[in-house]
Amino acid sequence: YFKHVLSSGINAEYGGSIETITGFRSQHSHHRTPCKGGIRFNENIDQPTIQALAKVNSFTSSLVDVPFGGAKGGIRINPSEYSTRELEKITRRFTVELGKKGFIGPGIDVMGPDLGTGEQEMNWVADTYKNTLGSQDLNAYGCVTGKSRLMGGIHGRSSSAGKGLFLVTSEFLDNADIMKRVQLIPGIYRKKVVVQGFGNLGMHACRYFTRAGAQVVGIVEKDCSLENPQGIDPKALEDWVNETGSIRGFPGATETEKNLLFEPCDILVPCAVEKVINCDNVGKIQAKIVVEGANCTMTPLAYEMLLKRDVLVVPDILVNSGSVCSSYFEWLKNMKHVSFGRLTFKYEREANEHLLNSVQTSIESMFNTDCTIKPSEDFVARMSGASEKDFVNSGLSYTVEGTVQDVLDIAKKEDLGLDI
């Protein structure tokens, strides 16, 4: 059941010509408001796809107990074929259309970045809403998340999706019963990982996996695939992509014509498009664990076939919990008009200094000698309390870990096996 669905044609004028572009926005559930979901720029989107993704967002928000209904939006374009100025015009025009139809607002429908969009597009959306329909709304910037920090964004938002994916995967890898079923040793250390898509999600997921001791042995992009049995350095690859615009030619790995999705590995992470795993190719999957980084990366039939082979599939509604949580934190910041920790920094630092002085005074009094209490580096770093980034990371970890544990407890109680 879909409460509202919008399909709108927008006229964009540039270069002396006018092009009609189709945009979509779907609100799946109003049981909890506002609705929340990203907006993507992709030439292959259609209304059924947007509706399906909105439904997935409803389930994800419910799973992590975030008070959002599900929504999704998109504009049917290939962003690489348009200049920055043209993309700005298209984004702002679509925002106005959403405002006219009641599909945007901090208490109605909150957008966020998705495939083909990022901070810049979200800034355009926020600025357009603030200067049109939301000109009298004190909370106008809460109409969209994923903005730059200058526009009310939150520290750590860009990496939250990748961190959430990593945390969810780690929780499953630490479960001895699950690992016994898929015939892997518990823990993430030295696990072989193949990632499809080196965008924001895939890149940050690679960084967190590598920091934890896993080896990213393969990366698949639309124009090239890279492999390195010893592990690819994600930071070096990120720098290379920023410099050249592509993973092609990266000196830290070997380009290959093989489809790495079907090569042996411990963990396969598709972070690109929908239905990349289907009944035609599912028999070629050799991974022990498939983590759905992108929405709806496999068909229901492919899922059933993997389940019969004792392959663990970590579903997208669980994997995407990281971005939902951080979006919630940013929305809260916009609604409260104060950054996390601002009211407590000075108080907590002074309280910790008084604690150290008290301990020092007590020791000097007891032993009748002078002494100096020297706090550790970790204590000094935390003396002022949690920063905004600390709050986001802590809240994200707490929510994701608790959610996965609840899922595992229910799976064990109902004897679901790997059918998470």
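A. Seen up close, the overall build of the chain. A tally of helices and strands in the chain yields 13 helices and twelve strands. In terms of overall dimensions, the chain is globule-like: its C-alpha atoms have a radius of gyration of 24 Å, near the 22 Å expected for 420 residues. When the backbone C-alpha atoms are referred to their principal axes, the chain occupies close to 85 × 60 × 50 Å. Counting only residues that meet the buried cut, the chain has 53% of its 420 residues in that class. Contacts in the chain between residues at least 24 apart in sequence constitute 66% of all its contacts with a sequence separation of at least 6. Carbon and sulfur atoms make up 51% of the accessible area of the chain, which amounts to about 20,200 Å² in all. In the chain, which carries 45 positive and 51 negative side-chain charges, the distance between the mean positions of the two groups comes to 3 Å.

B. How the structure looks around the sheet that holds strand β10 (residues 267–270). Spatially, β9-β8-β7-β6-β10-β11-β12 is the arrangement adopted by the seven strands of the open sheet, whose pairing is mixed. Every other strand in the sheet has two partners, leaving β9 (254–255) and β12 (312–314) as the edge strands with one partner each. Two elements, strand β8 (residues 225–227) and β9, share two bridges in a ladder whose sense is antiparallel. From the neighbouring strand, Leu226 faces β9, where its bridge partner is Glu255.

C. Structural detail: the packing of helix α4 (residues 157–173) against helix α10 (residues 321–336). Running from N to C, α4 and α10 cross one another at 140°; their axes reach a closest spacing of 7 Å. If you check the angle between α4 and α10, you find them oblique. In terms of crossing hand, the pair formed by α4 and α10 is right-handed. Here Arg157, Ser160, Ala161, Gly164 and Val168 of α4 come into contact with α10, specifically with Ser321, Gly322, Ser323, Ser326, Ser327 and Glu330. Looking at the contact of α4 with α10 residue by residue, the classes come out as two nonpolar, seven polar and two charged.

D. Just α4, in detail. Over its 17 residues, α4 extends 25 Å from the first C-alpha to the last, a length consistent with the 24 Å expected when each residue adds 1.5 Å. The axis of α4 is deflected most strongly, by about 25°, at Lys163. For α4, a buried count of 16 out of 17 residues is recorded, marking the element as mostly surrounded by other parts of the structure.

E. Looking closely at the packing of aromatic side chains. Applying the stated criterion across every chain, the model contains seven aromatic pairs. For the pair Tyr328 and Phe329, a centre-to-centre distance of 6.2 Å together with 40° between the ring planes defines the contact as tilted. Site record: aromatic cluster; members linked through ring pairs are Phe68, Tyr328, Phe329 and Trp331.

F. How the structure looks around the environment of Glu81. By the secondary structure assignment, Glu81 is in the loop between β4 (69–75) and α2 (84–100). The class of Glu81 is exposed, set by a relative accessible area of 58%.

G. Fine view of the packing of α2 against helix α3 (residues 119–130). Where α2 contacts α3, the two axes come as close as 9 Å, and the packing angle between them is 45°. For the element pair α2 / α3, the angle class is oblique. Where α2 crosses over α3, the handedness of that crossing is right-handed. Between α2, through Thr84, Leu87, Glu88, Thr91, Arg92, Thr95 and Val96, and α3, the contact on the second element is made entirely by Glu121, Trp124, Val125, Asp127, Thr128 and Tyr129. By residue class, the composition of the contact of α2 with α3 is five nonpolar, four polar and four charged.

H. Quick look at the pairing of β10. Residues Ile267 and Val269 of β10 are buried on one face, and the alternating residues Leu268 and Pro270, pointing to the opposite face, are buried as well. As judged from the four bridges shared by strand β6 (residues 192–196) and β10, these two strands associate in the parallel manner. Paired with Gln196 across the two strands is Pro270, which belongs to β10.

I. The side chain of Ser160, seen in detail. Positionally, Ser160 belongs in helix α4. Judged by relative accessible area, Ser160 falls into the buried class, the value being 2%. Within the structure, the side chain of Ser160 is placed 2.7 Å from the backbone oxygen of Arg157, a separation counted as a polar contact. Leaving out residues up to four positions away in the same chain, Ser160 has contacts with Gly322, Ser323, Ser326 and Leu396.

J. Inspection of the state of the cysteines at higher detail. Counting across every chain of the model gives zero disulfides. Cysteine Cys296 shares no disulfide, and the gap to the nearest cysteine sulfur, in Cys271, comes to 14 Å. Among the residues examined, Cys296 registers a relative accessible area of 24% and is labelled partly exposed.

K. Helix α8 (residues 300–308), seen in detail. Looking at α8, one finds that the buried residues are Ala302, Tyr303, Leu306 and Leu307. When α8 is viewed along its axis, its buried side chains cluster within an angular range of 140° and face the same direction. In the core, the buried residues of α8 are packed alongside β11 (289–291) and β12. Where α8 terminates, the next one or two residues include Asp310, which has phi positive at roughly 60°.

About the thresholds
Residues numbered from 1 in each chain as written. Predicted model: local features only at pLDDT ≥ 70, side-chain atom pairs only at ≥ 80, totals over all residues. Heavy atoms only, no water. Helix = DSSP H or I, 4+ residues; strand = E, 2+ residues; numbered from the N terminus. Rg over C-alpha atoms; globule rule 2.2 N^0.38 Å. Buried < 20%, exposed > 50% of the residue type's maximum accessible area, 1.4 Å probe, protein only. Contact = heavy atoms within 4.5 Å. Areas by Shrake-Rupley, 256 points an atom, 1.4 Å probe, with all protein chains shown as cover. Lys, Arg positive; Asp, Glu negative; His and termini not counted. Charge placed at Lys NZ, Arg CZ, Asp CG, Glu CD. Pairing = 2+ DSSP bridges. Axes fitted to C-alpha atoms, helices over the stretch in contact; angles between N-to-C directions. Parallel < 35°, antiparallel > 145°, perpendicular 65-115°, else oblique. Left-handed = near helix turned anticlockwise from the far one by under 90°. Nonpolar A, V, L, I, M, F, W, Y, C, P; charged D, E, K, R; others polar. Expected span 1.5 Å × (residues − 1). Bend = angle between axes of the 7 residues up to and from the residue. Phe/Tyr/Trp six-rings, centres within 6.5 Å; stacked < 30°, edge-to-face > 60°. Polar contact = N/O pair within 3.5 Å; in protein donor to acceptor, adjacent residues only side chain to side chain. Disulfide = S-S within 2.5 Å. Arc of directions from axis to C-beta.

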